[in-house]
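As a plain string of letters, each chain reads:
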Amino acid sequence: MSVLVNKNSKVIVQGFTGSEGTFHAEQMIEYGTNVVGGVTPGKGGQKHLDKPVFNTVSDAVEQTGADVSIIFVPPAFAADAIMEAADAGIKVIITITEGIPVADMVKASDYIKDRDCRLIGPNCPGVITPGEAKVGIMPGFVFKKGKVGIVSKSGTLTYEAADQVVKQGLGITTAIGIGGDPIIGTTTKEAVELLMNDDETECIVMIGEIGGQLEADAAKWVKENGNKKPVVGFIAGETAPAGRTMGHAGAIVGGSEDTAQAKKKILKENGIHVVDSPAEIGMKVAEVLKN
């Protein structure tokens with residue numbers, strides 16, 4: 001089993017013919033992801049990378065049966081692209097675009113909440129189920145199939161964690177990059193919950209950062225639900241000065257509970273196995289699985 005994407009996912013690329021869309025769609029196809037086409041308004045009826053191009057998402061869904069979309073649309077139009085995908089019946093909407101205006105995301109979040117879909121991102125590396133589907137921008141060769149799920153706010157730390165887990169002779173069920181913006185579709189808790197409910201996932205790596213309450217909420221949920229599977233946690237941004245945005249728009253220390261130290265304390269209190277350096281993730285996963 002896996003969560004969100006698998007070998008049966010039918011994927012379309014919004015912003016298909018742009019440079020980013022083209023580059024990453026090519027990589028996804030090469031990986032073996034079932035990319036069934038793409039959307040670029042005004043270019044419907046053409047072929048790109050040997051796949052059909054459609055003017056709208058609803059045309060693409062109607063003609064290909066697509067159920068997953070990945071968005072490489074410029075920030076000014078990305079929220080509309082999310083709403084269009086939801087409207088067309090796409091079940092999993094993965095938004096890579098960075099820098100979407102917060103007001104636009106408020107509107108998009110509100111629009112999709114009553115629809116039967118799940119948004120991952122924006123400003124995220126995507127989702128990968130190794131050996132089945134890579135719907136994102138991550139280097140696929142790093143990920144090998146196994147029994148450890150990954151949830152991360154950071155793209156590069158997702159790859160780092162996967163690499164370490166694999167080097168321990170273990171592998172990944174699904175890795176979910178949730179994105180680092182102030183308003184995202186799927187929270188840390190929701191992503192952890194998906195992996196907790198996945199039969200093949202035996203351990204979860206949860207990578208967070210300063211700013212917001214997402215990791216604390218997830219840790220409390222894990223404890224309330226009986227710590228069914230071990231969770232290894234890492235919080236980035238230990239040395240970040242208060243009030244300064246660090247890399248991600250959502251990584252800003254607002255209150256005393258937003259700091260790395262405070263978050264690590266909350267995680268430990270809720271039974272999460274916290275590591276102080278990303279270099280320790282693989283070893284800690286191997287250790288808790290052995291026990």
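Quick caveat: nothing in here was measured; it's all calculated off a predicted structure.

About the cut-offs
Residues numbered from 1 in each chain as written. Predicted model: local features only at pLDDT ≥ 70, side-chain atom pairs only at ≥ 80, totals over all residues. Heavy atoms only, no water. Helix = DSSP H or I, 4+ residues; strand = E, 2+ residues; numbered from the N terminus. Rg over C-alpha atoms; globule rule 2.2 N^0.38 Å. Buried < 20%, exposed > 50% of the residue type's maximum accessible area, 1.4 Å probe, protein only. Contact = heavy atoms within 4.5 Å. Areas by Shrake-Rupley, 256 points an atom, 1.4 Å probe, with all protein chains shown as cover. Lys, Arg positive; Asp, Glu negative; His and termini not counted. Charge placed at Lys NZ, Arg CZ, Asp CG, Glu CD. Pairing = 2+ DSSP bridges. Phe/Tyr/Trp six-rings, centres within 6.5 Å; stacked < 30°, edge-to-face > 60°. Lys NZ or Arg CZ within 6 Å of the ring centre and 35° of its normal. Polar contact = N/O pair within 3.5 Å; in protein donor to acceptor, adjacent residues only side chain to side chain. Right-handed = clockwise from strand over helix to strand, strands pointing away. Arc of directions from axis to C-beta. Axes fitted to C-alpha atoms, helices over the stretch in contact; angles between N-to-C directions. Parallel < 35°, antiparallel > 145°, perpendicular 65-115°, else oblique. Nonpolar A, V, L, I, M, F, W, Y, C, P; charged D, E, K, R; others polar.

1. Description of the overall build of the protein chain
Inference 1: Of regular secondary structure, the protein chain possesses 9 helices and 14 strands.
Inference 2: What you see for the protein chain is a C-alpha radius of gyration of 18 Å, in line with the 19 Å of a compact globule of 291 residues.
Inference 3: Over its C-alpha atoms, taken along the principal directions, the protein chain stretches across nearly 55 × 40 × 30 Å.
Inference 4: Residues counted as buried form 54% of the 291 residues belonging to the protein chain.
Inference 5: Taking the contacts inside the protein chain whose residues are at least 6 apart along the sequence as the reference set, 73% of them involve residues at least 24 apart.
Inference 6: When the accessible surface of the protein chain is summed, it comes to about 12100 Å², and 50% of that surface belongs to carbon and sulfur atoms.
Inference 7: Side chains of the protein chain carry 28 positive and 36 negative charges; the gap between the two charge centres is 4 Å.

2. A short note on the sheet that holds strand β5 (residues 68-71)
Inference 1: Taken in spatial order, the 7 strands of this open sheet run β3-β4-β2-β1-β5-β6-β7, and their pairing is mixed. Looking at strand neighbours, the two that pair on one side only are β3 (47-48) and β7 (118-120), the edges of this open sheet.

3. As for helix α7 (residues 214-224)
Inference 1: The complete set of buried residues in α7 reads Glu215, Ala216, Ala218, Ala219, Trp221 and Val222.
Inference 2: Just downstream of α7 lies glycine 226, where phi reads positive at about 80°.

4. What to know about the packing of aromatic side chains
Inference 1: If you walk through the whole model with that rule in mind, you get 0 aromatic pairs.
Inference 2: Above the plane of the ring of tyrosine 111 lies arginine 115, whose end atom (NZ or CZ) is 4.0 Å from the centre.

5. Considerations on the side chain of threonine 173
Inference 1: The topology assignment puts threonine 173 in strand β11 (residues 172-177).
Inference 2: Separated by 2.8 Å, the side chains of threonine 173 and threonine 201 make a polar contact.
Inference 3: When near neighbours in sequence (up to four residues on either side) are disregarded, threonine 173 contacts Ile128, Thr129, Pro130, Gly146, Lys147, Val148, Gly149, Leu195, Asp198, Glu200 and Thr201.

6. Re the environment of asparagine 123
Inference 1: The residue asparagine 123 is located in the loop between β7 and β8 (126-129) in this model.
Inference 2: Using a relative accessible area of 11% as the deciding quantity, one classes asparagine 123 as buried.
Inference 3: In this structure, the C-alpha to C-alpha distance between asparagine 123 and lysine 265, residues 142 residues apart in sequence, is 27 Å.
Inference 4: Excluding residues within four positions of it along the chain, asparagine 123 makes contact with Thr95, Ile96, Thr97, Glu98, Gly179, Gly180, Asp181 and His248.

7. Some points on the pairing of β5
Inference 1: Burial along β5 is two-sided: Val68 and Ile70 and Ser69 and Ile71, pointing in opposite directions, are all buried.
Inference 2: As paired elements, β5 and strand β6 (residues 92-95) share 4 bridges and run parallel to each other. What sits directly across from isoleucine 71, in β6, is threonine 95.
Inference 3: The parallel pair β5 and β6, bridged by helix α3 (residues 75-87), forms a crossover whose chirality is right-handed.

8. Some thoughts on helix α2 (residues 57-64)
Inference 1: Looking only at α2, the buried set comprises Val57, Ala60, Val61 and Thr64. Each buried residue of α2 sits inside an arc of 95° when the element is viewed along its axis, so together they form one side. Counted as exposed and oriented over 90 degrees from the buried face of α2: Glu62 and Gln63.
Inference 2: The inward-facing, buried residues of α2 contact β1 (11-14), β2 (35-39), β4 (51-54) and α3.
Inference 3: Positive backbone phi, approximately 75°, marks glycine 65, located one or two places after α2.

9. Observations regarding the environment of glutamate 30
Inference 1: Mapping glutamate 30 onto the fold places it in helix α1 (residues 19-31).
Inference 2: Each C-alpha atom of the pair glutamate 30 and lysine 134 lies 9.8 Å from the other, and the pair is 104 residues apart in sequence.

10. A word on the packing of α7 against helix α8 (residues 260-269)
Each pair of packed helices can be described by the angle between their axes along with the distance between the axes.
Inference 1: Between α7 and α8, whose axes approach to 9 Å, the crossing angle comes to 10°. The orientation of α7 relative to α8 falls into the category roughly parallel. In this structure, α7 uses Glu215, Ala216, Ala219, Lys220 and Lys223 to contact α8, whose residues at the interface are Lys263, Ile266, Leu267 and Glu269.
Inference 2: Across the contact of α7 with α8, the residue classes break down as 4 nonpolar, no polar and 5 charged.

Bear in mind that shape data such as this cannot, by itself, settle questions of function.
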